[in-house]
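Coordinates in review
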Amino acid sequence: MPTSQPDASGPSEDRVTPDALLHTRTGTEVSPEDLVLAAGRDITPRNLEWARRKLAAEGPAALDKMLP
């Protein structure tokens, strides 16, 4: 006998992810290593320096801009 519940594995247009679950940060400090990894780069001195500059300019929001 079929049930009236939709398939839980499929997306549903009537269900929306709450905004609180969409944020990437956990309230902790963002490190240059975090930013490098979020950008999909290898942790190298050059990439760490890039991340330090980006964090200095944009603050922790730099990580939010990298991730959905």
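Residues numbered from 1 in each chain as written. Predicted model: local features only at pLDDT ≥ 70, side-chain atom pairs only at ≥ 80, totals over all residues. Heavy atoms only, no water.

Okay, the pattern of salt bridges next. Tallying each qualifying case throughout the model produces 3 salt bridges. Across the salt bridge formed by Glu-49 and Arg-52, the nearest N and O atoms sit 3.8 Å from each other. Of this pair, Glu-49 and Arg-52 both sit in helix α3 (residues 45–58), 3 residues apart, which is roughly one turn of the helix. Here Glu-49 falls in the partly exposed class, since its relative accessible area comes to 37%. For Arg-52, a relative accessible area of 41% corresponds to the partly exposed category. (Salt bridge = Lys/Arg side-chain N within 4 Å of Asp/Glu carboxyl O. Helix = DSSP H or I, 4+ residues; strand = E, 2+ residues; numbered from the N terminus. Buried < 20%, exposed > 50% of the residue type's maximum accessible area, 1.4 Å probe, protein only.)

Okay, the nonpolar core next. Membership of the largest hydrophobic core is limited to 9 residues, which are Val-30, Leu-35, Val-36, Leu-48, Trp-50, Ala-51, Leu-55, Ala-62 and Leu-63. Residue assignment for this core shows that the elements contributing at least two residues are α2 (32–38), α3 and α4 (61–66). Ranked by the residues each element gives to this core, the list is headed by α3, at 4 residues. (Core = buried A, V, L, I, M, F, W, Y, C linked by side-chain atoms within 4.5 Å.)

Take Lys-65: it is sitting in helix α4. The class for Lys-65 is exposed, based on a relative accessible area of 61%. Between the C-alpha atoms of Lys-65 and Ala-38, which are 27 residues apart in sequence, the distance is 9.9 Å. A distance of 3.5 Å separates polar atoms of two side chains, one belonging to Lys-65 and the other to Glu-58. (Polar contact = N/O pair within 3.5 Å; in protein donor to acceptor, adjacent residues only side chain to side chain.)

Honestly, it's all geometry; don't read function into it.
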